[in-house]
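This is what each chain is made of:
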Amino acid sequence: MSERRADAKEAPEESRLSEAEIAVHWKEEAIYHPPPKFVGQANLTDPAIMERFSEEHFPECFREYADLLTWDRYWTTTLDTSHAPFWKWFVGGRLNASFNCVDRHLEAHRNKAALIFVPEPEEEPTQFITYQELWVRVNEMAALLRDGCGLRSGDRVTIHMPMTAELPITMLACARLGVIHSVVFGGFSGEACGARIVDSGSRILVTMDGYYRSGKLLDHKANADIAVRKAAEEGVTVEKVLVWRRFRDRPASTTPMVEGRDFVVDDLLKQYRGHRVDPVSMPAEAPLFLMYTSGSTGKPKGCQHSTGGYLAYVAGTTRLIQDLHPTDVYWCMADIGWITGHSYIVYGPLALAATSVLYEGVPTYPDAGRPWRIAERLGVNIFHTSPTAIRALRKLGPDEPKKYRYAFKCMTTVGEPIEPEAWRWYYETVGRREAAITDTWWQTETGGFLCSTKPALDPMKPGSAGPPMPGIYPIVFDEEGKEVPQGAGRAGNICIRNPWPGIFQTIWGDPERFVRTYYGKYNRNRSSTDWHDWPYFAGDGALWAADGYLRILGRVDDVINVAGHRLGTKEIESACLTVPEVAEAAVVPIVDAERGRVPEVYVALKPGIAPDPAIAERVSRAIETVIGKIARPRAVRIVPDMPKTRSGKIMRRVLASISNRMDYGDITTLANPEVVEQIRLQVQGSGPVEARAGPEDIRRFGQEH
Ligand code: PRX
C-alpha cells in the first residue's frame, strides 16, 4: 500500500511522482514527422513564429491574429491590464462578429458553401448554404429578433438547439445585433436549460421542435416547456419561445405550442422576408456569448467571451493549427453546444471564409462507416473530432475507413487525452499516414487552443498535446506554488502565465468566483495590475517533458470528463438529492474504455429507509431530468454510510479508488474507516485489495484546491 494520507488537504504528494509512476501508463512515444505533402501547402511553415510571439513581443504579437479581422475602428490599446485579472484586449477597437463571418466574404465567396448540413437520416438530402444564403437568413433572423422580439445589444438569448444549420444562423443573428447568445447543448435536459436561462436572465428562448439521434426523432420542444417552467419557478419570465422546425413542411413534435408564447420561426420570418439589418458595431470587449460549463460547485459557470479578442484568437488559431484555407472543406464533428463547436465549427472557420460541415447525428449511425462516407461525398479534407469518437469508430469499424475514398490533409483531436493506440489508428487507418495530426488542449474558458503541435513544424507525439501555442506561456506549479521545471519528470498543475485574446472575461454575474477559481491559487498580489502576477489556473494536471511537449493528465478538481464533456460532480450530486429518500450522495469517475470516464454514484439513505433498487433507479432518472442523458451514471450504489474525514468531508477519492479497483491508500485517519471495507466488498466482491496504480486524475480526484 502506498503511504498516501487520506486527508485531502494534506495530500499534495502526487506532484512528487516520477514520470514512470504517472498512472496514464503511457510511456514516452516515438515521434512522427509531418507528411511532406502537407508541409508543402501549409499556412504555418515559418519557425520564426515562436520568436515573433515570444514574451519580448507580447502583447503586440497578437496583432497578427487581430489583423485577420475587419475592424470598423482599429484599436488603440492592445492589452489593458488596469483591472487585472479582467483583461481587455484591443481596447478602442470596434467590430461586428456577424459581419466578419458573413458579409465581408460576399464579394469573393458569395456562391460558396458556408455551411453544409448533413441530416442524420442518410436518405434525407444534404443542405448547402452559400455565403449569400447565410447572409440573407442571418439578416432575416436578426430582423425578427430585433423588431419582433425587441432585442438590443447587451440582451441575452438562450438557444437550446440541436446540430442543424438554424443554430449557427441564430447565433450569427444575435451577434449581428450585439445580443449575447447563450447556447445550451441540445442534449441537456429542459431543467438544465431552465437553470441557464435564469442565470443569464434571458427572456427569449430559441429552440427546435425535434431532431434525429441514433435513428430516432426526438421531441425537443417538450424540453422548452420544462425550461420555461423551471425559469418561472426561479422568477425569470420567458416571454417568447421561438421554435424552428426540423422539417419545413410539418412539425417534428407533438408537444402543443403555447398560445401567445410559442411561435414557429418560419411563420414569423415571413414578415421579415428581404429585411436587412445593419451589423451593430460593437466595442472589442463587448461580450459575444456565454457558454456554461461545470466547475467544483453545483452551479454551472457562465463563461463570458468577448467579441474582438475571442474572434481574433479563434481566427488565428484556426488558420495556424487547422491549416484552414478558403478552398478547404472542413468538418468538425463536435456539437456547437460546446465550446469546440462555437470556436471551431462556427466562428473560426466562418471568419476565414471556409466551408464548415455540420452533422446532425451520432458518428456511428447507421454504422461506423458514416463519417467516412460523409467525408468522401463532400470532399472533406480537414477533420476534427474527439478521442471518444475515435475510440468508438475504431471499435465498431476498425477497417471501415479503408472502404472510402477521401483524403484528409490534417486531423485534430480535442477534449481528452488520447491513448497512443487510438492515436495510431487515427493516424494510420483514418489518415493513411498522409495527414498531420494535432492534439489540441484547451477549455471552455480559454476560447481557443492553448497547446498543440504546429502541424507543419512540430513532430507529432502520440498522447501528448504538444508544445504551447504561439504567445502562450505555460508554467507547471506544485501545490505550494513552486515551479516544476520542464523535464523534471514530475506532474503538477498547469497554469498559463499570461493573458491571451481568447481568454474569457469573467463568470457571468459572479466576478468574485472568477477571480477565486482561476487566479486565487497562485496570484502573488491581489492589487497588482501586472499580468505577471496573475497566472491562470487551468484545473488540469500536466507533465512537461524536456522536449517541450505537455502531456495533460486530466482534471484536478471535482470535474469528470465524460466523453470529452465536462460534468461537475456537485451538479450530479445535487440532482441525486432531489430524490427524497437520499440523505447523501457522492459521485466519482470510473475509467471507461470508450468514453474516457463515466460517473458512478454512491448514495446513503435517510435513517429508517431500506435499500431498494427502485430508489437507485429513481436516482438515475433524477440525474437525467436535472442534467441530461449525458450524465447518466454507470451504476448507483446504495451504501450504509459514506467514508468521511473527522471533519465530515466525504472522501470521494476513496470511493473513486474502490470503483476503479485501485488501492485506496491509508484510511486510518477517517472517522469511519470500517465502512470502506464494507463498501469495497459490496462493489468488488470478496477478492483482495488490488494495489494497482490508476490514472492520475482519479488518484487526485476529490482533493481540495
Ligand atoms: O481536462 C481537460 C480536457 O477537457 C477539459 C476542458 O473541457 P471543456 O471546457 O469542456 O472543453 C473541451 C474542449 C476544449 C480540460 O480541462 N481536455 C481538453 N482537451 C484536451 C483535454 N485533455 C487532454 N488532452 C486534450 N487535448
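Residues numbered from 1 in each chain as written. Predicted model: local features only at pLDDT ≥ 70, side-chain atom pairs only at ≥ 80, totals over all residues. Heavy atoms only, no water.

Notes on the pattern of salt bridges
Note on pairing: side chains with opposite charge can pair once their charged atoms come close.
Okay, so step 1: Under the counting rule described, the total for this entry stands at 51 salt bridges.
Okay, so step 2: Here Asp328 and Lys409 are joined by a salt bridge, their closest N and O atoms 3.0 Å apart. Of this pair, Asp328 sits in the loop between helix 11 (308–321) and strand 16 (329–332) while Lys409 sits in the loop between helix 14 (387–396) and strand 19 (410–414), and the two are 81 residues apart along the sequence. This pair shows no difference in class: Asp328 is buried, exactly as Lys409 is. (Salt bridge = Lys/Arg side-chain N within 4 Å of Asp/Glu carboxyl O. Helix = DSSP H or I, 4+ residues; strand = E, 2+ residues; numbered from the N terminus. Buried < 20%, exposed > 50% of the residue type's maximum accessible area, 1.4 Å probe, protein only.)

Considering the sheet that holds strand 14 (residues 287–293)
Okay, so step 1: Read across the open sheet, the eight strands follow the order 12-11-8-6-7-14-15-23; overall the sheet is mixed. Two strands in the sheet have a free side with no partner beyond their single neighbour: strand 12 (262–264) and strand 23 (506–507).
Okay, so step 2: Judged from the six bridges that link them, strand 6 (residues 156–161) and strand 7 (residues 180–185) form a sheet pairing that is parallel. Looking across to strand 7, one finds that Val157 is bridged to His181.
Okay, so step 3: Set on the sheet, helix 9 (residues 221–233) makes contact with strand 6, strand 8 (204–208), strand 11 (240–244) and strand 12; between it and strand 8 the angle comes to about 160 degrees.
Okay, so step 4: Against the sheet, helix 12 (residues 339–351) contacts strand 7, strand 14 and strand 15 (301–306), and its axis sits at roughly 145 degrees relative to strand 14. (Pairing = 2+ DSSP bridges. Contact = heavy atoms within 4.5 Å. Axes fitted to C-alpha atoms, helices over the stretch in contact; angles between N-to-C directions.)

Regarding the packing of helix 14 against helix 15 (residues 420–430)
Okay, so step 1: Here helix 14 crosses helix 15 at 70 degrees, and the two axes come no closer than 10 Å. By the criterion of interaxial angle, the relationship of helix 14 to helix 15 is roughly perpendicular. Two secondary-structure elements touch here, helix 14 through Ile390, Arg391, Leu393 and Arg394 and helix 15 through Glu421, Ala422, Trp425 and Tyr426.
Okay, so step 2: In terms of residue class, the contact of helix 14 with helix 15 is built from five nonpolar, no polar and three charged. (Parallel < 35°, antiparallel > 145°, perpendicular 65-115°, else oblique. Nonpolar A, V, L, I, M, F, W, Y, C, P; charged D, E, K, R; others polar.)

Some points on empty space enclosed by the protein
The probe, sized like a water molecule, is rolled over the atoms to show the empty space still left.
Okay, so step 1: Taken as a whole and judged by the stated rule, the model has eight cavities of 30 Å³ or more.
Okay, so step 2: Residues belonging to the lining of the largest cavity are distributed by class as follows: five nonpolar, three polar and two charged. (1 Å grid on protein atoms, 1.4 Å probe; cavity = no way out; pocket = protein on both sides within 12 Å on 5 of 7 lines; lining within 4 Å. Points joined across faces, edges and corners; volume = space filled by probe spheres on them.)

Some remarks on the sheet that holds strand 16
Okay, so step 1: The mixed open sheet is built from seven strands, whose spatial order is 5-4-17-16-18-19-20. Bordering the open sheet on either side are strand 5 (127–130) and strand 20 (436–440), each of which pairs with just one other strand. Neighbouring strand axes in the sheet, compared pairwise and without regard to direction, differ in orientation by 20 degrees on average.
Okay, so step 2: Relative to strand 17 (residues 355–359), strand 4 (residues 113–118) runs parallel, the two being bridged by four bridges. Across the sheet, residue Phe117 finds its bridge partner in strand 17, namely Leu358.
Okay, so step 3: Packing against the sheet, helix 15 makes contact with strand 18 (382–385), strand 19 and strand 20, and its axis sits at approximately 160 degrees to strand 19.

Section: the site of the ligand
Okay, so step 1: Taken together, 17 residues are adjacent to the ligand, and Asp439, Thr440, Thr444, Asp540 and Arg555 come closest.
Okay, so step 2: At 2.6 Å, a side-chain N or O of Asp540 approaches an oxygen atom of the ligand.
Okay, so step 3: Between Arg566 and the ligand, the recorded distance is 2.9 Å, taken from a side-chain N or O atom to an oxygen atom.
Okay, so step 4: Notes on the ligand: free accessible area 540 Å², of which the protein chains cover 97%.
Okay, so step 5: When contributions to the shell around the ligand are tallied by element, the ones reaching two or more residues are helix 12, strand 20 and strand 25 (550–555).
Okay, so step 6: In terms of residue class, the shell around the ligand is made up of six nonpolar, six polar and five charged. (Near = heavy atom within 4 Å. Polar contact = N/O pair within 3.5 Å; in protein donor to acceptor, adjacent residues only side chain to side chain. Areas by Shrake-Rupley, 256 points an atom, 1.4 Å probe, with all protein chains shown as cover.)

Points about the confidence of the model for the chain
Okay, so step 1: The share of residues in the chain with pLDDT of 70 or more is 95%, and the mean pLDDT across the chain is 93.
Okay, so step 2: At the low end of the mean pLDDT range in the chain sits helix 21 (residues 696–700), at 77; at the high end sits helix 4 (residues 97–101), at 99.
Okay, so step 3: Considering only residues more than four positions removed or in separate chains, one finds that residues 1–24, a stretch of pLDDT under 50, has 63 contacts. (pLDDT = per-residue confidence, 0-100.)

Things to note about the nonpolar core
Okay, so step 1: Core analysis: the largest hydrophobic core is formed by 126 residues, its most contacted members being Phe62, Leu134, Met141, Leu242 and Tyr347.
Okay, so step 2: Leaving out residues up to four positions away in the same chain, Leu134 has contacts with Val102, Ala114, Leu115, Ile129, Ile169, Leu172 and Leu350.
Okay, so step 3: Judged by nonpolar contacts, the second largest core, of 65 residues, contains Phe185, Val236, Val579 and Ala656. (Core = buried A, V, L, I, M, F, W, Y, C linked by side-chain atoms within 4.5 Å.)

Let's talk about the packing of aromatic side chains
Okay, so step 1: Tallied over the full model, the rule gives 46 aromatic pairs.
Okay, so step 2: Relative to Trp338, the ring of Phe185 has its centre 4.6 Å away and its plane inclined at 35 degrees; by these criteria the two rings are tilted. You can see Phe185 sitting in strand 7 and its partner Trp338 sitting in the loop between strand 16 and helix 12, a full 153 residues away along the chain. Both residues of the pair, Phe185 and Trp338, count as buried.
Okay, so step 3: For the pair Phe477 and Tyr522, a centre-to-centre distance of 4.5 Å together with 35 degrees between the ring planes defines the contact as tilted. Of the two residues, Phe477 is situated in strand 21 (residues 474–477) and Tyr522 in the loop between helix 16 (511–519) and strand 24 (536–544); the sequence distance between them amounts to 45 residues. For the pair formed by Phe477 and Tyr522, the shared burial category is buried.
Okay, so step 4: One aromatic cluster is present, built from ring pairs that chain together Phe53, Phe58, Phe62, Tyr65, Trp71, Tyr74, Trp75, Trp89, Phe90, Tyr313, Tyr473 and Trp531. (Phe/Tyr/Trp six-rings, centres within 6.5 Å; stacked < 30°, edge-to-face > 60°.)

Here's the deal with helix 7 (residues 166–177)
Okay, so step 1: For helix 7, with twelve residues, the first-to-last C-alpha span of 17 Å sits near the 16 Å given by 1.5 Å per residue.
Okay, so step 2: For helix 7, the buried fraction is high: twelve of the twelve residues fall into the buried class.
Okay, so step 3: Glu166, Leu167, Pro168, Ile169, Thr170, Met171, Leu172, Ala173, Cys174, Ala175, Arg176 and Leu177 are the residues of helix 7 that are buried.
Okay, so step 4: One or two residues past the end of helix 7 sits Gly178, with phi positive at roughly 75 degrees. (Expected span 1.5 Å × (residues − 1).)

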